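The residues making up each chain are set out below.
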Amino acid sequence: MNMNDWYDDEAVCVTYVRDLSPAEAFARMDVTIDPEAEPGCDPAIAVFRVEAGVVLVEPNGFAGILDEVICKLSKGTVAASVFFNVNLDQNFVYAEDGVVTTQFEPDQPDARSGSDPDRLLEQMRTLDMETDSDLNKAAELAESVTGLRLPDDDAEPVLIGTLPDYP
């Protein structure tokens, strides 16, 4: 199963985490390794190794934008998540060392929250997304602030698993 099988353009949460191994990312999220988990079947998740970190892909998932999850993932490092679903719900979350620093809806980037809502403002201005944005720019921002890139379309996940139930 390659990256294209996991990256569904209808609903997905993609989380970029610098300096973690695939096993450590899954451990921090309490993921149960399950090589039989299928993309699109809740609550499946795949982790891809990229240069300097990992990218986690959750088809039809949202765990990466939950404070409790992204705070665990970012402990001692940085993490960014981009989420969207078929109901047009969107979210971008950036955390540093266990704290949600900046959070906003990509279609409303001027309504930011977090411990330092303007932390990414310079990068947002560079991407021309301070007051108007889209999901592609949110993904570019996640890559910019973590220094990580999505794996190639034919990349194979290192681990596949199932997430615990989150409220």
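Residues numbered from 1 in each chain as written. Predicted model: local features only at pLDDT ≥ 70, side-chain atom pairs only at ≥ 80, totals over all residues. Heavy atoms only, no water.

1. Notes on helix H5 (residues 135-146)
Since the α-helix advances by 3.6 residues per turn, residues separated by three or four positions end up pointing in the same direction.
Argument step 1. Between its terminal C-alpha atoms H5 stretches 16 Å, which fits the 16 Å expected from 12 residues at 1.5 Å a residue.
Argument step 2. Considered for burial, the residues of H5 that qualify are Ala 138, Leu 141, Ala 142, Glu 143, Val 145 and Thr 146.
Argument step 3. In the core, the buried residues of H5 are packed alongside strand E1 (12-18), strand E5 (78-84), strand E6 (90-96), strand E7 (99-105) and helix H4 (121-126).
Argument step 4. Directly beyond the C-terminal end of H5, a positive phi value near 75 degrees is found at Gly 147. (Helix = DSSP H or I, 4+ residues; strand = E, 2+ residues; numbered from the N terminus. Expected span 1.5 Å × (residues − 1). Buried < 20%, exposed > 50% of the residue type's maximum accessible area, 1.4 Å probe, protein only. Contact = heavy atoms within 4.5 Å.)

2. Digging into the nonpolar core
Argument step 1. Trp 6, Phe 48, Val 57, Phe 92, Tyr 94, Leu 120 and Leu 141 are the most contacted members of the largest nonpolar core, which has 30 residues in total.
Argument step 2. Where this core is concerned, the elements lending two or more residues are helix H1 (3-6), E1, strand E3 (44-50), strand E4 (53-59), E5, E6 and H5.
Argument step 3. For Phe 48, the residues in contact, after removing those within four places along its chain, are Met 3, Trp 6, Gly 53, Val 54, Val 55, Val 57, Pro 151, Ala 155, Glu 156, Pro 157 and Val 158. (Core = buried A, V, L, I, M, F, W, Y, C linked by side-chain atoms within 4.5 Å.)

3. What about the side chain of Asn 91?
Argument step 1. Among the secondary structure elements, Asn 91 is positioned in strand E6.
Argument step 2. Every residue in contact with Asn 91, bar those within four places of it in the chain, is listed here: Ile 65, Ser 81, Val 82, Phe 83, Gln 103, Phe 104, Glu 105 and Pro 106.

4. A few points about unusual backbone geometry
Argument step 1. Even without being glycine, Leu 88 reaches a positive phi, approximately 70 degrees.
Argument step 2. Among the structural elements, Leu 88 can be located in the loop between E5 and E6.

5. Comments concerning the pattern of salt bridges
Argument step 1. This model, assessed by the stated rule, comprises 6 salt bridges.
Argument step 2. Note that Asp 30 is salt-bridged to Lys 72, the shortest N-O span being 3.5 Å. One end of the pair, Asp 30, is in the loop between helix H2 (22-29) and strand E2 (32-33); the other, Lys 72, is in helix H3 (residues 67-74), and 42 residues separate them in sequence.
Argument step 3. With a closest N to O distance of 2.7 Å, Arg 112 and Asp 118 form a salt bridge.
Argument step 4. Residue Arg 112 is classed as buried on the basis of its relative accessible area of 19%.
Argument step 5. By sharing partners, the salt bridges in this structure join Glu 96, Asp 116 and Arg 119 into a single network. (Salt bridge = Lys/Arg side-chain N within 4 Å of Asp/Glu carboxyl O.)

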